[in-house]
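Report on the structure
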Amino acid sequence: MSAFRVQRSIGLSNISPALGSKKRQKRVGRGQASGYGGTSGRGHKGQNARAGNSKRPLSFEGGQTPIAKRFPKRGFVNQSARTWAPVNLDRIQHWIDRGLLSCSKENPITARELLLSGCVHDVHDGIKLLGAGSEHVRSPIHIVPSRASHSAIKAVEKQGGSVVCTYLNTLALGDTVHGRTDRISAAPTRKTDILWYTRWRNRGYLAPQIVQNMPGSTERLQQLSRTLLKFKTEAYETTK
């Protein structure tokens, strides 16, 4: 017998799959004699006997309360809370001294000028004027923020400036930052905003004293101020 094995030529007639690479398909639900009839190998009325059992979410823990629900919750998120971008008076005065900001009663400082000049880095939900560094204010500052502290209002008006707090929702704030003037700003709808922007002590833009003396005041603002302040003079019927 030869010590060398004769190499056979390979062709379509003598090739076959590798040993163990092919497996017969399991045919279930074809009668009890097959061994996989009736329940098709899924057992009796359990979780694994249900269709779609292989599509459980990653957080599924076999039906018990998930661990994310077993931990107690602490605190809450106020959906109506707003984040103001604070800016102090001494910073505004420094920007004016450097020539980065200029203002007048007809062209007051808005969120757009503060952002473009780098005085603030983000307007968030609006600008809030604070009174820190009020002793350094030397120029008459005319500004239109969303909010202002009473100390800041007092310091600005002492130097002949003016503060008019204007309500700006998300859309109106974006229009102000991008310099758009083709759309009308929305009016406040929440009770807290209506009360805040109609008060003279807050220098709200809907206060009667502001609307009457503000340059460029429109009939819409005057009508809006009268409408939102009507609740103070209206009488309500009381049940006897």
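For the structure given in this document, a descriptive report is provided here. (Residues numbered from 1 in each chain as written. Predicted model: local features only at pLDDT ≥ 70, side-chain atom pairs only at ≥ 80, totals over all residues. Heavy atoms only, no water.)

Let us look at the pairing of strand 1 (residues 85-88). Going residue by residue along strand 1, you find A85 and V87 tucked away on one face and P86 and N88 left uncovered on the opposite face. As paired elements, strand 1 and strand 2 (residues 127-130) share 4 bridges and run parallel to each other. Within strand 2, the residue paired with A85 across the bridge is I127. (Buried < 20%, exposed > 50% of the residue type's maximum accessible area, 1.4 Å probe, protein only. Helix = DSSP H or I, 4+ residues; strand = E, 2+ residues; numbered from the N terminus. Pairing = 2+ DSSP bridges.)

Positive phi outside glycine occurs at S40, with the angle close to 60°. With a phi close to 50°, K45 is a non-glycine residue in the positive phi region. Inspection of the secondary structure puts K45 in the segment before helix 1 (67-70). For K45, a relative accessible area of 76% translates into the label exposed.

This part takes up the pattern of salt bridges. Throughout the structure, instances matching the rule amount to 8 salt bridges. Among the salt bridges present, the one from R70 reaches E61, with a minimum N-O distance of 3.5 Å. For R70, a relative accessible area of 47% puts it in the partly exposed group. Residue E61 is classed as partly exposed on the basis of its relative accessible area of 28%. Salt-bridge contacts for R183 lead to D175; the nearest nitrogen and oxygen are separated by 2.6 Å. Residue R183 is classed as partly exposed on the basis of its relative accessible area, which comes to 36%. Residues joined in a network through salt bridges with shared partners are R82, R147 and D193. (Salt bridge = Lys/Arg side-chain N within 4 Å of Asp/Glu carboxyl O.)

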